[in-house]
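# Descriptive analysis of the structure
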Amino acid sequence: MNHIGVPVSDLARSVRWYEDVLGIAPNGVTISATNPAIGAVVEVENPSMRASFALAGDNVLLELIQYDSPQPRPFTGRNCDVGVMHLCFEVDDLDAAYRDLVERGVHVNSDPVVLQDGDGVEAGALAGTKILYLRDPDGIQLELFELPS
C-alpha cells in the first residue's frame, strides 16, 4: 500500500489535528491541482484541490485532501454504510490513549472495548484485543487498536 486519501474540510486544521492528536506529522510533500485530467481521474468536475502527505507508521502515507471546488458535502456516513471505511492505528497502551483523547476533548464513541467471546461476540484470534473508535474534526471515524501482550 502506498497511501490512503482522506478528504477533509479544512486542510490546515486537519494537518494540525492528526499531528497533535495522533502524532502523524506531515512529511513536507504537498500538492495542489486545478486540472481537467485530474478531475477525470477522481470523477470530480473542475476540481480545485490541495493535499498534504504524512507518514503513518513505517510505510503508509496519509494524504489529507481539501477540495476548494466543487464545494464538498459534510461527512455523514455511519460505520455500517457501504463504502464508509475507517483508518485503524495500532497503539501500545489504549487506556492511556483514551485518557489523553478525553482530556483533549476529542469525540470518542464509547469507552474502550476488549474483544472476548460471549455476549454476541466471537473474537477468535483477536481475543484480548482492545478497540476504541473516535472521530476527527470532520466526523470521520478512526479506530485505535491494542493487541494483547
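Up top you'll find the structure we're talking about.
Below or above, wherever it landed, is the structure these notes cover. (Residues numbered from 1 in each chain as written. Predicted model: local features only at pLDDT ≥ 70, side-chain atom pairs only at ≥ 80, totals over all residues. Heavy atoms only, no water.)

### A short note on the overall build of the protein
How we decide: The helix and strand labels rest on DSSP assignments: H or I over at least four residues marks a helix, E over at least two residues marks a strand, and numbering proceeds from the N terminus. Whether two residues touch is decided by their heavy atoms; if any such pair falls within 4.5 Å, the residues are in contact. Calculation of accessible area relied on Shrake-Rupley with a 1.4 Å probe; when residues are assessed, cover is drawn exclusively from the protein chains displayed.
On a plain count of helices and strands, the protein comes out with three helices and eight strands. Ordered by position from the N terminus, the helices and strands of the protein form the series β-α-β-α-β-β-β-α-β-β-β. Counting only C-alpha atoms, the protein reaches 55 × 30 × 30 Å along its principal axes. Of the contacts made within the protein by residues no fewer than 6 positions apart, 55% connect residues no fewer than 24 positions apart. Taken as a whole, the protein presents about 9300 Å² of accessible surface, with 52% of it coming from carbon and sulfur.

### Structural notes on the environment of Val29
In plain terms, the rule: A simple rule labels every residue: compare its accessible area, found with a 1.4 Å probe on the protein chains alone, to the largest value its type can have, and call it buried under 20%, exposed over 50%, or partly exposed in between.
Here Val29 shows up in strand β2 (residues 26-33). Taking the relative accessible area as the measure of exposure, Val29 reaches 41% and is therefore partly exposed. In the structure, Val29 is positioned 25 residues away from Ala54 in sequence and 7.9 Å away in space, judged by C-alpha atoms. In this structure, Val29 is in contact with Ala51, Ser52 and Phe53, ignoring residues within four places of it in sequence.

### Overview of the pairing of strand β8 (residues 141-146)
To keep it simple, the criterion reads: We treat two strands as partners when DSSP finds at least two bridges between them.
Across the six residues of β8, six count as buried, placing the element largely inside the fold. Of the two faces of β8, the one holding Gln141, Glu143 and Phe145 and the one holding Leu142, Leu144 and Glu146 are both buried throughout. In terms of strand pairing, strand β5 (residues 87-90) meets β8 through four bridges, oriented parallel. The residue of β8 that forms the bridge with Cys88 is Glu143. Here strand β7 (residues 130-135) pairs with β8 via six bridges, running antiparallel. Residue pairing for β8: Tyr133 is matched across the bridge by Glu143. Where β7 folds back onto β8 in an antiparallel hairpin, the turn is made up of five residues, including Gly139, whose phi is positive at roughly 85°.

### Notes on the sheet that holds strand β1 (residues 3-7)
Put simply, the rule is: For helices, the fitted axis covers only the stretch in contact; all axes are lines through C-alpha atoms, and the angles between them, taken along N-to-C directions, range from 0 to 180 degrees.
Across the sheet, which stays open at both edges, the four strands sit in the order β1-β4-β3-β2 with mixed pairing between neighbours. Each edge of the open sheet carries a strand with a single partner, namely β1 and β2. Within the sheet, the average angular offset between the axes of one strand and its neighbour, ignoring direction, is 20°. Bridge analysis of β2 against strand β3 (residues 48-56) gives five bridges, and the strand direction is antiparallel. Paired with Ala33 across the strands is Met49, a residue of β3.

### Overview of helix α3 (residues 94-104)
Our working definition: Arc definition: it is the arc formed by the directions from the helix axis to the C-beta atoms. Polar contact is defined as a pair of N or O atoms within 3.5 Å, subject to the rule that within protein one atom must be able to donate a hydrogen and the other to accept it, and that residues adjacent in sequence are counted only when both atoms are side-chain atoms.
Looking only at α3, the buried set comprises Leu94, Ala97 and Leu101. End-on view of α3: buried residues confined to an arc of 60°, all on one side of the axis. Measuring from the backbone nitrogen of Asp95 back to the side-chain oxygen at the start of α3 gives 3.2 Å, which picks out Asp93 as the cap. Following α3 by one or two positions, Gly105 adopts a phi angle in the positive range, close to 80°.

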